[in-house]
Amino acid sequence: MNLTENPKPLTLALSKGRIFDETLPLLEAAGIQVTENPESSRKLILPTSSPALRLIIVRATDVPTYVQYGAADFGVAGKDVLDEHTVTHPGGLYQPIDLNIAHCRMCVAVREGFDYDEAVRQGSRLRVATKYVHAAREHFGRKGVHVDLIKLYGSMELAPLVGLADAIVDLVSTGNTLRANHLVPVEDITNISARLIVNQAALKTRDSELRPILDAFARASGAVQ
Ligand code: ATP
Ligand code: PRP
C-alpha cells in the first residue's frame, strides 16, 4: 500500500473473546500479526504488524453499527447479530464472506419436563425470553405460535428457571450451558457462523487495500467468492 496516497490505516472491528480469537488465524493467513491481547490490554484501538491495518475492540452487537457508519471499514460479526441489526438498520453493509468460524445454532429451549409440543398444540400463549427478538418473532410467526417476547441481554438460560419465561431462544454449541441448567433444546431455528462485513463506501474507495485481506480471509476460511 502507498501510505502517501492514503495515510489512514484500514480499521477492522472485532469483539473480544471467540470472534477475536478465531479471527487471529485468518489475519495470520493474510500475513498480519496482532501482538496485544484485548483480554489483558485496556486499549480499544490495537495496532497490528501492518501499519496499514488497525483493530478496534467493540461489543459483539456493536460491530455492524461501527461498520455501517464507516467508523470501521470492515468487521467480523455473527449471523445472529447481523440478522437482528439488519431488521432495524437495513443497507450499507456488504457481506462477502462466511468466515466459517464461531459455529453454533439458534434454538428454542425449555425446562426439562415442560411439554413444549403440547403447549404449542393447545395454542397456549408462550412467554419467550431472548436477545434475538426479531429472529424469535419471525420463527414463531411462521409457526403460527402466539408468543410474548421478553428482551434480555444475556444469561437467557436463567429465565425459565425462575419463572420469567416458558422458553428461550438462544445460541447452542456444545449444549453444556443448557444441560447445566436443566434445559433441553426443542427446536432448531438456524445455523450460525461469523461473517465478514464491509462498509459499502469503503469497498469502493479502498478496494485495492481491502482486496488482499478479503482474498486471504476467503481462502483461509474455505469460502468461495
Ligand atoms: P455482546 O457482548 O454484544 O452481548 P456476546 O456476549 O454474545 O455479545 P460473544 O459471546 O463473544 O458475544 O459471541 C460472539 C458471537 O459468537 C455471537 O454473536 C455468535 O455468533 C457466536 N457465538 C455465541 N455463542 C457461541 C458458542 N457457544 N459457540 C460458538 N459461537 C458462539
Ligand atoms: C453463548 C450462548 C450460550 C452458550 C452456549 O454464551 O448464549 O449461553 O454460549 O454454548 P454451549 O452450548 O457450548 O454451552 P457465551 O458463552 O457467549 O456467554 P455470554 O453470552 O453470556 O457472553
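Data block above holds the structure.
Being a predicted model, the structure only gives us computed values, none of them experimental.

Definitions and limits used
- Residues numbered from 1 in each chain as written.
- Chains lettered and ligands numbered in written order.
- Predicted model: local features only at pLDDT ≥ 70, side-chain atom pairs only at ≥ 80, totals over all residues.
- Heavy atoms only, no water.
- Core = buried A, V, L, I, M, F, W, Y, C linked by side-chain atoms within 4.5 Å.
- Buried < 20%, exposed > 50% of the residue type's maximum accessible area, 1.4 Å probe, protein only.
- Helix = DSSP H or I, 4+ residues; strand = E, 2+ residues; numbered from the N terminus.
- Contact = heavy atoms within 4.5 Å.
- Pairing = 2+ DSSP bridges.
- Axes fitted to C-alpha atoms, helices over the stretch in contact; angles between N-to-C directions.
- Near = heavy atom within 4 Å.
- Polar contact = N/O pair within 3.5 Å; in protein donor to acceptor, adjacent residues only side chain to side chain.
- Areas by Shrake-Rupley, 256 points an atom, 1.4 Å probe, with all protein chains shown as cover.
- 1 Å grid on protein atoms, 1.4 Å probe; cavity = no way out; pocket = protein on both sides within 12 Å on 5 of 7 lines; lining within 4 Å.
- Sits in = over half its atoms within 2 Å of the grid points.
- Points joined across faces, edges and corners; volume = space filled by probe spheres on them.
- Nonpolar A, V, L, I, M, F, W, Y, C, P; charged D, E, K, R; others polar.

Asker: I tried to follow the nonpolar core on my own but got confused; where do I start?
Answerer: Nonpolar side chains in soluble globular proteins tend to end up buried together. L53, L55, F74 and L196 are the most contacted members of the largest nonpolar core, which has 29 residues in total. Secondary-structure elements contributing two or more residues to this core are β1 (10–14), α1 (18–29), β3 (53–57), β4 (74–78), β11 (194–199), α7 (200–205) and α8 (207–221). Tallying contributions element by element places α8 first for this core, with five residues. Look past the residues within four positions of L196 in its chain and what remains in contact with it is F74, G75, V76, Y94, Q95, P96, I97, L99, L214 and F217.

Asker: What is the right way to read the sheet that holds strand β10 (residues 183–192) from this model?
Answerer: Backbone-to-backbone hydrogen bonds join strands into a sheet, with any given pair of strands oriented parallel or antiparallel. The five strands lie next to each other as β8-β7-β9-β6-β10, forming an open sheet whose pairing is mixed. At either margin of the open sheet sits one strand with a lone partner, and together these are β8 (147–151) and β10. Geometrically, the sheet is characterised by an average inter-axis angle of 30 degrees between neighbouring strands, direction not taken into account. Pairing between strand β6 (residues 104–111) and strand β9 (residues 167–172): six bridges, direction antiparallel. Of the residues in β9, the one forming a bridge with R105 is V172. The sheet contacts of helix α3 (residues 79–88) involve β6, β9 and β10, and relative to β10 the element is tilted by about 70 degrees.

Asker: Got a minute to help me understand the site of ligand 2 in this structure?
Answerer: By nearness alone, every residue bordering ligand 2 is listed as R18, E157, D170, L171, V172, S173, T174, G175, N176 and T177. A distance of 2.7 Å separates an oxygen atom of ligand 2 from a polar atom in the side chain of E157. The protein chains hide 61% of the 500 Å² of surface that ligand 2 would expose on its own. Mapping ligand 2 onto the cavity grids shows that it belongs to the largest pocket. Taken together, the elements giving at least two residues each to the shell around ligand 2 come down to β9 and α6 (176–180).

Asker: What is the right way to read the layout of surface pockets from this model?
Answerer: Any space left empty among the atoms is revealed by the rolling of a water-sized probe across them. Volume-wise, the largest pocket comes out at about 1,200 Å³. Among the elements of the structure, α1, α2 (63–68), β4, α3, α5 (133–143), β9 and α6 are those that each provide at least two residues to the lining of the largest pocket. With five residues, α3 is the largest single contributor of residues to the lining of the largest pocket. Here the residues of the lining of the largest pocket sort into 17 nonpolar, 16 polar and 11 charged.

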